[in-house]
Amino acid sequence: MADADAGKSATSLDKRVQNIGDLAHWQRSRAYHDLIGYINGTSAAIQGIKTTDEMYESEMLKTLMSLFESLEKLVEQHPPLDQPQRFGNKAYRDWAREMRLEVPKLLEQLIPPSKLKYLNELQQYLMEAFGNATRIDYGTGHELSFMFFLCALFKAEILLEQDIASAALRLFNRYLEFARTLQRTYNMEPAGSQGVWSLDDFQFVPFIWGSAQLAVKSPFDPAKFVDEQIINDHKDHYMFISCIDYICKVKTGHFGEHSNQLWSITAVPSWVKINTGLVKMYQKEILSKFPVIQHVYFGELMSFELVAPGTTLSNARLGHVAAPPSKRICIAAAPAPPPPVALVAPPPPAEALSPDLNVGDSSSESSDNSVVLCPSASSASLVASTTEGSGDKPTPQSVGERDASKDHPAV
């Protein structure tokens, strides 16, 4: 035990975005670029793969999955109270209090002794991923904290390159299922919901990764994802359809009325274009909003340190079956060549679903192509530039068309 204690470190964790001006630093931080690189790299790895397909699952990933079994037992120990209000069952606060006591102990037992120096940072990201106990709500800011947790696991080399697909389609999907359990059990309010102007009341990333799954070998076109038969046949196989199924269960009325943004996506001709547009929308509507990012913690693995000036972030290469994972144990991106000098910013890619989704995207000089998911600098790049040319026909302006004055409320 003494050896284990010696491996721990009191990593400094802080909320570094204190005002709107700090958002520019955040968008040039190592954490921001690692996160976008991780999302895009995962999208490239899972295209054409169903959630139910057999895939490589390391023993460490299976061990991390057991976290949710323990957390579900806590839900059973704290059933909802009989109370008059519609939203926010107060039993959630009891669950959240005990969860914060149990998560550090659970993680300490699960992660390798050599990685205990990261325990403080990892447990903070995980504890923030299940909602707010004061408001009894859940939203995309809490989902973002779990994304930090996943990305940090790769940065710490607790999960390795071979785990990329299963980390999304097994571990993240298990988190998604558990988050829905909390939402239903405790009638949690959506944090930052903007009604029909938001993509979804609770989640965003499963739409990005779900559309990536459908980028190749898709059994149906985007125009059909709201069809009842499509939902019934594919809800277990694709995260995107799983989300649509959940929305249909918790909301009533015409889909186009209660989920206008998702309804508008049916007009986009391909899943590749949908994925590209959703990533840009995520950067604009979630990662660029002060009320969301002011609550984010930063540490050693997910660092607020600035990346080198002039570096750019690559997009995922979608529409092609991903190569099988190599035997490398590290994931790191090769440094990008210096960007060409230009007096005028390059136009946004034609794949964008809306022209106002360029903030912080891969065409910005604030982006970074040296996304490092482990210390090694010798491994090949995890993500690559998109191959779709600017000659594609522009897609309808749908996703992202909203009142720019409506900032995402606090989560």
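Here the structure is shown first, and the text comes after it.
Residues numbered from 1 in each chain as written. Predicted model: local features only at pLDDT ≥ 70, side-chain atom pairs only at ≥ 80, totals over all residues. Heavy atoms only, no water.

Participant: Help me understand the nonpolar core in this model?
Facilitator: Note on soluble globular proteins: their nonpolar side chains tend to be buried together. Core analysis: the biggest nonpolar cluster contains 112 residues, and Trp26, Trp95, Phe130 and Trp209 have the highest contact counts within it. If you tally residues by element for this core, the top one is helix H8 (residues 164–185), at twelve residues. When neighbours within four sequence positions are excluded, Trp95 is seen to be in contact with Leu71, Leu74, Val75, His78, Phe130, Phe178, Leu182 and Tyr186. The next biggest cluster of nonpolar side chains, apart from the first, holds five residues, and it includes Ala44, Ala215, Val272 and Leu318. (Core = buried A, V, L, I, M, F, W, Y, C linked by side-chain atoms within 4.5 Å. Buried < 20%, exposed > 50% of the residue type's maximum accessible area, 1.4 Å probe, protein only. Helix = DSSP H or I, 4+ residues; strand = E, 2+ residues; numbered from the N terminus. Contact = heavy atoms within 4.5 Å.)

Participant: Explain the packing of aromatic side chains to me, please; I cannot follow it from the model alone.
Facilitator: Think of a pair of aromatic rings as described by two things: how far the centres are apart, and how the planes are tilted against each other in angle. Overall, the coordinates contain 29 aromatic pairs when judged by the stated rule. With 6.1 Å between their ring centres and 45° between their planes, Phe225 and Trp271 make a pair best called tilted. Of the two residues, Phe225 is situated in the loop between helix H9 (205–213) and helix H10 (228–234) and Trp271 in helix H14 (residues 271–285); the sequence distance between them amounts to 46 residues. Residue class for Phe225 comes out buried when judged on its relative accessible area of 0%. By relative accessible area, which is 4% here, Trp271 ends up buried. (Phe/Tyr/Trp six-rings, centres within 6.5 Å; stacked < 30°, edge-to-face > 60°.)

Participant: Would you explain the pattern of salt bridges in this entry?
Facilitator: Side chains that differ in charge, positive against negative, can pair when their charged atoms come close. Scanning all chains against the criterion turns up eleven salt bridges. One salt bridge in this structure joins Arg135 and Asp137, with 2.9 Å as the shortest N-O distance. When salt bridges that share partners are traced, they join Arg30, Asp34 and Lys155 into one network. (Salt bridge = Lys/Arg side-chain N within 4 Å of Asp/Glu carboxyl O.)

Participant: Before we go on, may I ask you to explain the environment of Lys155 in this structure?
Facilitator: For Lys155, the position within the fold is in helix H7 (residues 140–155). Judged by its relative accessible area of 15%, Lys155 is buried. For the pair Lys155 and Leu301, spaced 146 residues apart in the sequence, the C-alpha separation amounts to 6.2 Å. There is a polar contact of 2.6 Å between the side chain of Lys155 and the side chain of Asp34. A distance of 3.5 Å separates a polar side-chain atom of Lys155 from the backbone oxygen of Leu301. (Polar contact = N/O pair within 3.5 Å; in protein donor to acceptor, adjacent residues only side chain to side chain.)

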